[in-house]
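Okay, here's what each chain looks like letter by letter:
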Amino acid sequence: MMESISSKNKSEEQAALPSREQMEWQDLELGMFCHFGMNTFCDQEWGEGSDSPTLFNPLHLDARQWVSAAKEAGFRYFILTAKHHDGFCLWPTATSTYSVAYSPWKEGRGDVVRECAEACRELGLGFGIYLSPWDRHEPCYADPQAYDDFYCLQLQELLTGYGPLTEIWFDGAGSEGRNYDWRRIMDLIKQYQPSAMVFNMGAPTIRWVGNEDGLAPYPCWNTADSARGSMFSEASLNWLPGTPSWVPAECDVPIRKDRWFWHPQEEHLLLSLEQLMDIYYRSVGHGATLLLNVAPDNRGLLPEADVQRLLEFGKEIGRRFGKALAVTAGTGDLIELELPAAATVIDHAEIMEDIAYGERVSEYVLEAFSDGAWLELKRGSAIGHKKIDAFPPVCAEKIRLRVPVAAASPKIRRLAVYHCGESLE
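Residues numbered from 1 in each chain as written. Predicted model: local features only at pLDDT ≥ 70, side-chain atom pairs only at ≥ 80, totals over all residues. Heavy atoms only, no water.

A. A look at the overall build of the chain. From N to C terminus, the chain includes 8 helices and 18 strands. The C-alpha atoms of the chain give 22 Å as radius of gyration, which agrees with the globular expectation for 425 residues (22 Å, within 12%). The C-alpha extent of the chain, read off along each of the three principal axes, is 75 × 45 × 35 Å. Taking all 425 residues of the chain together, the buried fraction comes to 59%. (Helix = DSSP H or I, 4+ residues; strand = E, 2+ residues; numbered from the N terminus. Rg over C-alpha atoms; globule rule 2.2 N^0.38 Å. Buried < 20%, exposed > 50% of the residue type's maximum accessible area, 1.4 Å probe, protein only.)

Here it is in structure tokens:
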């Protein structure tokens, strides 16, 4: 699969290093996206902003159920669509009458954003917000300067009213050719949420992987100077001067194929466990972070079938990678790992660089000592935050990681082996 973002040449980016916040974010690895709003009640993906607020009435809304399911499945952060392209706001904004405050839900006194933020704080997940720049409802959208004022007021409400934010997600869809006041937007984020990751627009600290299938190409280097803005344009975004060179990728995908919002009678679109594990290998296993969308229904609850599949997914990740047979770390171009028995069956390896020192490895070979000889298991280029390699089962006494090409002495944070019993690669 060709890489769909523009990565800088590896030799040009040896000095690129992540910030502390980026390293912490990359360690999260699994996030849950939650598309919920007016579309949920109108059986649509992209509303035009003309649906009445009276349609929004999730009588059994339980944000804690949403976040609890994410936590039980092993996810570590949660992002809510506070405003999608239709302009309907899930918090009682002072900027518009197109919000929950003008809906029958809780007699106009509800705040979905607050309920999610509180559930995340209670359960220990990072909380993030999606605020669509494109707004199909707001009349002043046609006036760029007026809309920049409007949008910045909305963003400031979210940045200041809901506690620490892990991520701020800017969707480029519908905004092709439109130039928002990104410098002003970024100044607000720096002022109120300086530790939050910024997704793909303005001066981002994380980038879109370039597809909505949850799949990172290989290699997927952490350095980049541009990324596509949406599925609807091949053009690269113009990031602000000063955007860091270290911009790791996030892979977004819905758990129901091609469906970001809930629709009735569509459980048949749920991705299978096998499909989800393939996505995991090709996102987290390629050094990126996976953002899996699970959409609440019109009751305000995650559907039972979706929750079941989510939990199956988390359980299978834990079954395969919850306990390593052997683990080591080290510095240099040759690292060996003794296995606990002379004939240990292994079929997976997990390698992590200490990315505090950047991406140093440009080529590696993984080998097993079996039947008195070294046997090549896998070879690759990028390791970065994490590389998961699957290979046919082999009885081995020890394994070794050789790094024939590196920018500097490799710093390996973790080398671990597993016997998972099956592979989906």
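Still to come is the rest of the account.
B. The arrangement of the nonpolar core in detail. Trp66, Phe78, Leu80, Val112, Val113, Phe127 and Tyr280 are the most contacted members of the largest nonpolar core, which has 86 residues in total. Trp66 has contacts with Met32, Cys34, Phe36, Leu61, Phe78, Leu80, Val112, Cys116, Pro296, Gly300, Leu301 and Leu302, leaving out every residue within four places of it along the chain. (Core = buried A, V, L, I, M, F, W, Y, C linked by side-chain atoms within 4.5 Å. Contact = heavy atoms within 4.5 Å.)

C. Highlighting the sheet that holds strand β13 (residues 344–353). A sheet is described by the order of its strands in space; here 4 strands give the open sequence β11-β18-β13-β16, paired in antiparallel fashion. Each of the sheet's edge strands pairs with one partner strand only, and the pair in question is β11 (326–331) and β16 (387–396). Shown here is a sheet whose adjacent strand axes are inclined to one another by a mean of 25°, direction ignored. Bridge count between β13 and β16: 7 bridges; the pairing is antiparallel. Opposite Ile351, over in β16, you have Lys387 as the bridge partner. (Pairing = 2+ DSSP bridges. Axes fitted to C-alpha atoms, helices over the stretch in contact; angles between N-to-C directions.)

D. Broad picture of the packing of helix α5 (residues 144–161) against helix α6 (residues 182–192). Two elements in contact, α5 and α6, have axes separated by 10 Å at closest approach and are oriented at 15°. Taken together, the axes of α5 and α6 lie roughly parallel to each other. As for how α5 packs across α6, the hand of that crossing is right-handed. In this structure, α5 contributes Asp148, Asp149, Tyr151, Cys152, Leu155, Gln156, Leu159 and Thr160 to the contact, and α6 contributes Arg184, Ile185, Leu188, Ile189 and Tyr192. (Parallel < 35°, antiparallel > 145°, perpendicular 65-115°, else oblique. Left-handed = near helix turned anticlockwise from the far one by under 90°.)

E. Spatial organisation of the confidence of the model for the chain. Taken over all residues, the pLDDT of the chain has a mean of 95, while the share at 70 or more is 96%. With pLDDT under 50 throughout, residues 1–13 is counted as low confidence; its partners more than four residues away or in other chains account for 37 contacts. (pLDDT = per-residue confidence, 0-100.)

F. Region of the structure containing the environment of Cys120. Looking at where Cys120 falls in the secondary structure, it is placed in helix α4 (residues 112–123). When near neighbours in sequence (up to four residues on either side) are disregarded, Cys120 contacts Val67, Phe78, Leu125, Gly126 and Phe127.

G. A nonpolar patch on the surface, seen in detail. Side chains of Trp46, Met231 and Phe232 sit close together on the surface and give an oily, nonpolar patch of about 320 Å² of accessible area. Checked against the element boundaries, Phe232 lands in the loop between β7 (228–230) and β8 (233–236). The class of Phe232 is exposed, set by a relative accessible area of 55%. (Patch = residues over 30% accessible without salt bridge, like charges linked within 9 Å, V, L, I, M, F, W, Y side chains within 5 Å. Areas by Shrake-Rupley, 256 points an atom, 1.4 Å probe, with all protein chains shown as cover. Salt bridge = Lys/Arg side-chain N within 4 Å of Asp/Glu carboxyl O.)

H. Representation of the packing of aromatic side chains in the model. Summed over the entire model, instances satisfying the criterion amount to 28 aromatic pairs. Taken together, a centroid distance of 5.3 Å and an interplanar angle of 65° make the contact between Phe36 and Trp66 edge-to-face. Here Phe36, found in the loop between β1 (30–34) and α2 (38–42), pairs with Trp66, found in helix α3 (residues 63–72); they are 30 residues apart in sequence, far enough to count as distant. Here Phe36 and Trp66 have matching classes, each one buried. Counting every residue linked through ring pairs, the aromatic cluster contains Phe36, Phe41, Phe56, Trp66, Phe88, Tyr98 and Trp105. Its end group placed over the ring of Tyr141, Arg178 keeps NZ or CZ at 4.1 Å from the ring centre. The ring of Trp374 carries Arg400 above its face, with NZ or CZ at 4.0 Å from the centroid. (Phe/Tyr/Trp six-rings, centres within 6.5 Å; stacked < 30°, edge-to-face > 60°. Lys NZ or Arg CZ within 6 Å of the ring centre and 35° of its normal.)

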